[in-house]
Amino acid sequence: MKQILMIGTGGTIASGKTAEGLMPELTSEQLLAFVPAVSALCRVECLQLLSLDSTNLGPAHWLQIAGAIRARYDRYDGFVISHGTDTMAYTAAALSYLVQGSAKPIVLTGAQKPIWFDGTDSKRNLTDAFLYACRGCGGVQIVFNGKVILGTRARKTFSKSFQAFSSVNYPCLLYT
Ligand code: GLU
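**Here's the deal with the overall build of the chain**
Part 1: Assigned secondary structure in the chain consists of five helices and 11 strands.
Part 2: Relative to its length of 176 residues, the chain is compact, with a C-alpha radius of gyration of 14 Å against a globular reference of 16 Å.
Part 3: With the principal axes as the frame, the chain shows a C-alpha extent of 45 × 35 × 30 Å.
Part 4: Taking all 176 residues of the chain together, 51% fall into the buried category.
Part 5: The long-range share in the chain, meaning contacts at least 24 apart out of those at least 6 apart in sequence, stands at 66%.

Take a look at the structure:
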């Protein structure tokens, strides 16, 4: 069975209801509890690196995520990073250049609705991300709403629609 590292960084997917509104607070383990089917696909270990709205992520965090992957690269077959959608494409581009030539899939995903919301897109996106991390190509990709998009080509083009990301001037790698 494949061994996948899940790196939690926050975002809407991991948001809970707080006095200040929705805030990222769910851990990667708590997210995984919503998608029990993943345990039949692979063995998952979790690293809760950040719990941030992705609008508060920047270059120092990109280095932190890349460093976390590099330090554990040999121990896993693939990596799933849960992330807010607003800057996911920037993190994907940064990781594409910070971790070059990866033979293992490095997959970013997130959602437009928290994982505990009715009709959430989180469960599909997270499950697809693990499927791709187990069976997909190496390199950095975004898996979102049934599309696999190369990390250097993704752009958030819709702020509310589940179809948040487009692949710019390059075909999607796969439709799930
Ligand atoms: N601004 C938040 C973020 O990027 C919410 C957007 C989202 O996660 O979908 O983390």
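Let us keep going from here.
**Focus on the site of the ligand**
Part 1: Neighbouring the ligand are G11, T12, D53, S54, T55, G84, T85, D86, A111 and Q112.
Part 2: A distance of 2.5 Å is found between an oxygen atom of the ligand and a side-chain nitrogen or oxygen belonging to T85.
Part 3: Separating a nitrogen atom of the ligand from a side-chain N or O atom of D86 is a distance of 2.5 Å.
Part 4: Notes on the ligand: free accessible area 280 Å², of which the protein chains cover 87%.
Part 5: Across the shell around the ligand, the residue classes tally to one nonpolar, seven polar and two charged.

**Side note on the sheet that holds strand β4 (residues 42-52)**
Part 1: The strand order across the open sheet built from seven strands is β4-β1-β5-β6-β7-β8-β11, with neighbouring strands paired in mixed fashion. The sheet is open, and its two edges are formed by β4 and β11 (174-175), each paired on a single side.
Part 2: Where strand β8 (residues 147-150) meets β11, two bridges bridge the pair, whose relative direction is antiparallel. Within β11, the residue paired with K147 across the bridge is Y175.
Part 3: The strands that helix α5 (residues 122-135) touches are β1 (2-10), β4, β5 (78-82), β6 (105-109), β7 (139-144), β8 and β11; relative to β6, the one it contacts most, it runs at about 175°.

**Observations regarding α5**
Part 1: With 14 residues, α5 ought to run about 20 Å at 1.5 Å a step, and its terminal C-alpha atoms sit 20 Å apart, in line with that.
Part 2: Along α5, the residues classified as buried are S122, N125, L126, D128, A129, F130, Y132, A133 and C134.

**Comments concerning the pattern of salt bridges**
Part 1: Under the definition given, this model contains two salt bridges.
Part 2: Between K156 and D86 there is a salt bridge; the shortest N-O distance is 2.5 Å. You can see K156 sitting in strand β9 (residues 154-156) and its partner D86 sitting in the loop between β5 and α4 (88-98), a full 70 residues away along the chain.
Part 3: Since its relative accessible area comes to 23%, K156 is described here as partly exposed.
Part 4: R124 is paired through a salt bridge with D128; the nearest N and O atoms lie 3.6 Å apart. A residue pair is termed a helical-turn pair when its members lie 3 or 4 positions apart in one helix, as R124 and D128 do in helix α5 at four residues.

**Quick notes on unusual backbone geometry**
Part 1: Positive phi is not limited to glycine here, since N145 has a value of about 50°.
Part 2: One can find N145 in the loop between β7 and β8.
Part 3: The exposure class of N145 is buried, given its relative accessible area of 17%.
Part 4: At N169, a residue that is not glycine, the phi angle is positive and equals roughly 55°.
Part 5: Along the chain, N169 falls in the loop between β10 (165-167) and β11.

What counts, and at which threshold
Residues numbered from 1 in each chain as written. Predicted model: local features only at pLDDT ≥ 70, side-chain atom pairs only at ≥ 80, totals over all residues. Heavy atoms only, no water. Helix = DSSP H or I, 4+ residues; strand = E, 2+ residues; numbered from the N terminus. Rg over C-alpha atoms; globule rule 2.2 N^0.38 Å. Buried < 20%, exposed > 50% of the residue type's maximum accessible area, 1.4 Å probe, protein only. Contact = heavy atoms within 4.5 Å. Near = heavy atom within 4 Å. Polar contact = N/O pair within 3.5 Å; in protein donor to acceptor, adjacent residues only side chain to side chain. Areas by Shrake-Rupley, 256 points an atom, 1.4 Å probe, with all protein chains shown as cover. Nonpolar A, V, L, I, M, F, W, Y, C, P; charged D, E, K, R; others polar. Pairing = 2+ DSSP bridges. Axes fitted to C-alpha atoms, helices over the stretch in contact; angles between N-to-C directions. Expected span 1.5 Å × (residues − 1). Salt bridge = Lys/Arg side-chain N within 4 Å of Asp/Glu carboxyl O.

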